[in-house]
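Listed below are the residues making up each chain.
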Amino acid sequence: MVSDNKHWSARFAEPIDELMMRFNASIPFDHRLARYDVQVSIAHVRMLGTQQIIARQVCDKLIGGLEQLAQKIAADDFSWQLSDEDIHTSIERKLIELVGEDAKRMHTARSRNDQISTDIRLWLRDMIDLQCKLLARMQLALVTQAERHVDSIMPGFTHLQVAQPTTLAHHLHAHCCVLTRDTERLNDCRGRVNQLPLGAAALAGTGFAINPQQVADELGFERLCANTMDAVAARDFAVEYVAVAALVMVNLSRLCEEIVIWSSQPFAFAQVADSYCTGSSIMPQKRNPDAAELVRGKSGRVAGHVVALLLMTKGQPLAYNKDNQEDKEALFDAADTLSSCLQVMEGMVATMKFDVAAMRQMADQGYACATELADLLVRHDVAFRDAHEMVAKAVKEAELRVVSLNELCEDYLPELTGLTASELRRALDVEQAIAARNMPGAPAPEAMQKLLGKKREELENTLRDK
Ligand code: ARG
């Protein structure tokens, strides 16, 4: 079976092949851009009217029809057919049905090439704004948990080996800092997305006396694309966004990995709430932290979209090529995946319960205060390297006796170091060790409390404005 191709031209003698029609059509996925396409057309038609490129009454009629379409789209009352090929043709067909032949004047001084780039940029700008809010909400969940745990001692790890004592608040705040940078990256990328390509038409601009600045002002674009060829050919803004999204996903996956580790039985630091776990069909005792595992797994999928877009772009001669139609599914899926992960993680983090005693116990077990002891010796004028060696010997001895460093304070350590038992005990006191680390960004509870307060204020402001 073959179908009509009347939206291209009388140039075609043969109708399009059925398989080719399906292969070529982007409407099955770009219908998602409907409201942006209409918004762009309204701004374009208004400008054509102002510039007297089309008559005032025609302009009003078209805008009236487009506004009706916008309402239908907002009410989810939008259908498409495969023969529409893409969202631009689909909207035009509907407008013709609604207001008649005058609708055919809408496509004056533009092309689908500049139209699609404008649509995607508008869609992506909204998506970035939404995701900055989602990132703020997720960070607020981390801050709220951190505020509860400024005094909760946990082992800090390097190489996943107990390293030095810290607090849960310190650890959660670290994840928060990553997400702050991710938000900055998204906002930075937004600046390059928010440039208007419309007016570039197919690639060389148009001879009509258009006013792209009017369109940019109406649609809220910060500036115009500087070159009409670049305007229609470029997809680097999409590659950049997906690369940032992949990095956010990878950053989320690190927290997820920790949540999985923390909620395993050997650690038992934390419990993911029932509402974010699933059971096993065979092992009745199981409660699996699936939300965390899914986010971790989905990071690979978004990273895959970066590769897809990079290779889609590679080797394309200027200007527009149909290769670019392949940007949308990758872009949509990357964005949707990130949005859902951020939302699920906000809920999962907000409802997690931490076992403060279990964390404390591991911090005590792992000789986490060994560095404190070495620092004490340094304060008594021992060179750090020698102090390091002395403490290493003590740890070896403690391991041999299967005791903590504290338990060596009576005999072994005073003899080894020449210090008194009470001095040594003080150095090995975890609370004191943490309280002493009060430089900016370190875990001392008071300093951390302040940092968290600042962060909370910042996040609440972000969520309030716009
Ligand atoms: N569906 C196309 C895309 O997604 C729209 C632009 C089509 N332009 C063209 N000359 N066929 O890129």
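Treat the numbers as computed from the prediction; the structure is a model and nothing was measured. (Residues numbered from 1 in each chain as written. Predicted model: local features only at pLDDT ≥ 70, side-chain atom pairs only at ≥ 80, totals over all residues. Heavy atoms only, no water.)

A. Molecular detail of the site of the ligand. In the neighbourhood of the ligand, the contacting residues comprise Ser 26, Asp 86, His 88, Arg 112, Asn 113, Ile 116, Tyr 320, Lys 322, Gln 325 and Lys 328. In the environment of the ligand, a nitrogen atom lies 3.0 Å from a nitrogen or oxygen atom belonging to the side chain of Ser 26. Between the ligand and the protein, one listed contact pairs an oxygen atom with a side-chain N or O atom of Lys 328 at 2.6 Å. Among the elements that line the shell around the ligand, the one with the most residues is helix α6 (residues 112-148), at three residues. For the shell around the ligand, the residue count by class is two nonpolar, four polar and four charged. (Near = heavy atom within 4 Å. Polar contact = N/O pair within 3.5 Å; in protein donor to acceptor, adjacent residues only side chain to side chain. Helix = DSSP H or I, 4+ residues; strand = E, 2+ residues; numbered from the N terminus. Nonpolar A, V, L, I, M, F, W, Y, C, P; charged D, E, K, R; others polar.)

B. Structural detail: the nonpolar core. Counting residues in hydrophobic clusters, the biggest one holds 113 residues, and the most contacted among them are Tyr 241, Leu 252 and Trp 262. Setting aside residues up to four positions removed in sequence, Leu 252 forms contacts with Met 138, Leu 179, Val 295, Leu 338, Cys 341, Leu 342 and Met 345. Listed in part, the 25 residues of the second largest apolar core include Ala 387, Tyr 412, Ala 427 and Val 430. (Core = buried A, V, L, I, M, F, W, Y, C linked by side-chain atoms within 4.5 Å. Buried < 20%, exposed > 50% of the residue type's maximum accessible area, 1.4 Å probe, protein only. Contact = heavy atoms within 4.5 Å.)

C. A look at the side chain of Gln 325. Relative to the helices and strands, Gln 325 is located in the loop between α11 (290-313) and α12 (327-350). At 3.5 Å, the side chain of Gln 325 and the side chain of Ser 26 are in polar contact. Not counting the four nearest positions on each side in its chain, Gln 325 is found in contact with Asn 24, Ala 25, Ser 26, Phe 29 and Tyr 320.

D. Broad picture of the pattern of salt bridges. This model, assessed by the stated rule, comprises 32 salt bridges. Its salt-bridge partner being Arg 112, residue Asp 86 comes within 2.6 Å of it at the nearest N-O pair. Taken together, the positions of Asp 86 in the loop between α4 (56-74) and α5 (87-99) and Arg 112 in helix α6 put the pair 26 residues apart, joining distant regions of the chain. With a relative accessible area of 27%, Arg 112 lands in the partly exposed category. Among the ionic pairs, Glu 460 bridges to Arg 456, the shortest N-O distance being 3.0 Å. Of the two residues, Glu 460 and Arg 456 both sit in helix α19 (residues 445-464), four residues apart, roughly one turn of that helix. Glu 460 gets classed as partly exposed once you look at its relative accessible area, which sits at 31%. When salt bridges that share partners are traced, they join Glu 85, Asp 86, Arg 112 and Lys 322 into one network. (Salt bridge = Lys/Arg side-chain N within 4 Å of Asp/Glu carboxyl O.)

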